[in-house]
Amino acid sequence: MAATPRNVPKAISILDLIVKKRHGLALGKEEIEYFVQGVVDDAIAKEQLGSMLMATVLKGLDDFETTCLTRAMMNSGEVMSWPESWRGRIVDKHSTGGVGDKISLVLAPILASCGMKVPMVSGRGLGHTGGTLDKLESIPGFSVAFNTAAMTKILEDVGCCIVGQTDKLVPADKKLYATRDVTGTVESVGLISSSIVSKKAAENLDYLILDVKCGKGATTNSEKDALVLGSRMVNIAKGLGINTVALLTEMNNPIGQAIGNSLEVAESIQCLHGKGPSDVMNLVYQLGGHLLFRAGLTETVEESYSLMEARVRDGTAMDCFRRMVVAQGASDDVAKQLCDPEADVWTILPKSKHVTGLKSTNKGFVHEIDSKLCAIASGKLGAGRSKSGDVIQFGVGLMLQVCVGDAIDQGEVWANVHHNSDTIPPEVLTVLENALVVQDQKLTNISGSRVIKVIT
Ligand code: URA
């Protein structure tokens, strides 16, 4: 973004700030702090807050303004503090949201098994993308409500936890997001970056890996826009002292086979047994590899892959997952049954009443499985919320039976639909009608990796 003029008188009221931003002028640090304080104190009239956000979306924020906003938002609440002996090992990962994105469930225990401390504060479903917290809550007894003292105990004992945002963590973001949601001001590089990074900065991390998704199933469709967002987030996180790297990753096709809450938990457990889909494991190892390499655990990214593979193979990553599940409220028996390779997870996890196969109407090769359509269908089955407060049906969703590049026959099942209604609802069938793209030609350029670019 072009540099915004700065040599202008300081605004001394919210009205001044709105007008200044409307003219496309850069705001100073004190002005941004004044704005954020006003948000936290509820001292800004609703219409002024809406105007300010709209002016910000239309005129943008430069890197300096975004860093100031992020810092002020971070300081609007509690900044977590950790034992000094953990310094240099406190890490986390954030994804901008994908379809079938269960990476956190697999990566957090793997990182913990490598000696890291992972205080992961995660979110619920947003739009068509699923939420890590919703997935984990499909485990009976699992809780996501923990304060910093309780998180410290879990990190001491286990090494990782995956929890929800408390009221104390970045309260400014909660208020700003609620207004952005109803004023058409969500889509802004500066506002999205500051919202995401302020929450990660409040976790007081040493290292952060960002998974910035682009494609049909991502919130940012174009590679160019995702690159702008990823670069901005890396810059501001670094400006706040967090050693950060972002991977720009493809999100046209769903990640793995499972889409839906308990289905994804079951698939994550398979991953930790070393039996997960290769695309899920590849993304887990690439994200973890860059993080562990940055954290100085290994000499190369590839060595980090090997270390993580070894922790999966020898069962220590699975053990971290089991202990995290117990530390977060599930009983020993539930956790044991979930994590035992010989046991049936479906005696524990909620499952749908019915499973119906969807058949391909064509013979040929799978060129695409449209992740956005799969996510919408899964949402319509009850796996997501259309408004806050909706109750999630944990067992519903899709299990893909083919991958991109596979040969498929006419009449062959390409996805199993897990549903609670007697038959698959017609609106779900309509959405899924165009999700599978089959063509005559064999695909020749299939990459095993979703990573498009590394942003440092
Ligand atoms: N996720 C967030 O936390 N904030 C945004 O603004 C967008 C996505």
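### Regarding the site of the ligand
The immediate surroundings of the ligand are formed by 7 residues, with Tyr-177, Arg-180, Ile-192, Ser-195 and Lys-199 found nearest. Between the ligand and Arg-180, the relevant distance is 2.9 Å, taken from an oxygen atom to a side-chain nitrogen or oxygen of the residue. Mapped by element, the contributors of at least two residues to the shell around the ligand are helix H8 (171–183) and helix H9 (189–201). Of the residues forming the shell around the ligand, the biggest block, 4 residues, is contributed by H9. Looking at the shell around the ligand residue by residue, the class counts come to 4 nonpolar, 1 polar and 2 charged.

### Details of the domain arrangement of the chain
Assigned domains of the chain: these are domain 1 (84–167 + 185–339) and domain 2 (354–439). Contacts between the two partners involve 21 residues from domain 1 and, on the opposite side, 22 residues from domain 2. Regarding the contact of domain 1 and domain 2, the summed buried area is about 1,700 Å², with carbon and sulfur atoms giving 56% of it. Notably, a salt bridge pairs Arg-385 with Asp-134, separated by 2.9 Å at the nearest N-O pair. Applying the counting criterion to the domain 1 and domain 2 interface returns 10 residue pairs in polar contact (both at pLDDT 80 or more). Taken together, the elements giving at least two residues each to the side of domain 1 that touches domain 2 come down to strand E6 (258–259) and helix H11 (261–272). Considering every element that reaches the side of domain 1 that touches domain 2, the biggest residue donor is H11, with 3 residues.

### A few points about the packing of aromatic side chains
How two aromatic rings sit relative to each other is given by the distance of their centres and the angle of their planes. Summed over the entire model, instances satisfying the criterion amount to 1 aromatic pair. Pairing Trp-82 with Trp-86 gives two aromatic rings, centres 5.9 Å apart and planes at 25 degrees, and the pair type is stacked. When its relative accessible area of 8% is taken as the criterion, Trp-82 is described as buried.

### Examining the state of the cysteines
What the rule picks out here adds up to 0 disulfides. Here Cys-214 is not cross-linked by a disulfide; its sulfur's nearest cysteine counterpart is in Cys-374, at 18 Å. Judged by its relative accessible area of 5%, Cys-214 is buried.

### Section: the sheet that holds strand E9 (residues 397–400)
Taking strand neighbours across the sheet as the criterion, the 4 strands line up as E6-E9-E11-E7 in an open arrangement whose pairing is antiparallel. Either end of the sheet is taken by a strand with one partner, and the two such strands are E6 and strand E7 (354–359). Where E7 and strand E11 (residues 413–419) come together, 6 bridges link them in antiparallel fashion. Paired with Leu-358 across the two strands is Ala-415, which belongs to E11. Its contacts with the sheet place helix H16 (residues 371–383) against E6, E9 and E11, and it is angled at close to 140 degrees to E9.

### Remarks on the sheet that holds strand E5 (residues 243–250)
A sheet is described by the order of its strands in space; here 4 strands give the open sequence E1-E4-E5-E13, paired in mixed fashion. Of all the strands in the sheet, the pair left with one neighbour each is strand E1 (91–95) and strand E13 (451–455). Averaged over all neighbouring strand pairs, the angle between strand axes comes to 15 degrees, with direction disregarded. Looking at chain direction, E1 and strand E4 (residues 207–214) are connected through 5 bridges and run parallel. Bridging from a neighbouring strand, Ser-95 pairs with Asp-211 of E4. Strands in contact with helix H12 (residues 278–294) are E1, E4, E5 and E13; relative to E4, the strand with the most contacts, it is inclined by about 145 degrees.

### What to know about the layout of surface pockets
Of the pockets and cavities examined, the second largest pocket occupies roughly 630 Å³. Around the second largest pocket, the lining comprises 22 residues; the ones closest to its centre are Glu-250, Asn-253, Val-404, Ile-446 and Ser-447. Of all the secondary-structure elements, those providing two or more residues to the lining of the second largest pocket are H12 and strand E8 (364–369). Per element, the largest residue contribution to the lining of the second largest pocket is 3 residues, and it comes from E8.

### Quick look at empty space enclosed by the protein
Enumeration over the complete set of coordinates arrives at 1 cavity of 30 Å³ or more. Empty space within the largest cavity amounts to approximately 80 Å³. Considering the residues around the largest cavity, the lining is formed by Leu-27, Ile-32, Phe-35, Met-52, Leu-53, Thr-56, Leu-61, Leu-69 and Leu-191. Contributions of two or more residues to the lining of the largest cavity are made by helix H2 (29–40) and helix H3 (46–59).

Cut-offs applied
Residues numbered from 1 in each chain as written. Predicted model: local features only at pLDDT ≥ 70, side-chain atom pairs only at ≥ 80, totals over all residues. Heavy atoms only, no water. Near = heavy atom within 4 Å. Polar contact = N/O pair within 3.5 Å; in protein donor to acceptor, adjacent residues only side chain to side chain. Helix = DSSP H or I, 4+ residues; strand = E, 2+ residues; numbered from the N terminus. Nonpolar A, V, L, I, M, F, W, Y, C, P; charged D, E, K, R; others polar. Domains from an automatic or database assignment. Contact = heavy atoms within 4.5 Å. Buried area = accessible area lost by both parts, 1.4 Å probe. Salt bridge = Lys/Arg side-chain N within 4 Å of Asp/Glu carboxyl O. Phe/Tyr/Trp six-rings, centres within 6.5 Å; stacked < 30°, edge-to-face > 60°. Buried < 20%, exposed > 50% of the residue type's maximum accessible area, 1.4 Å probe, protein only. Disulfide = S-S within 2.5 Å. Pairing = 2+ DSSP bridges. Axes fitted to C-alpha atoms, helices over the stretch in contact; angles between N-to-C directions. 1 Å grid on protein atoms, 1.4 Å probe; cavity = no way out; pocket = protein on both sides within 12 Å on 5 of 7 lines; lining within 4 Å. Points joined across faces, edges and corners; volume = space filled by probe spheres on them.

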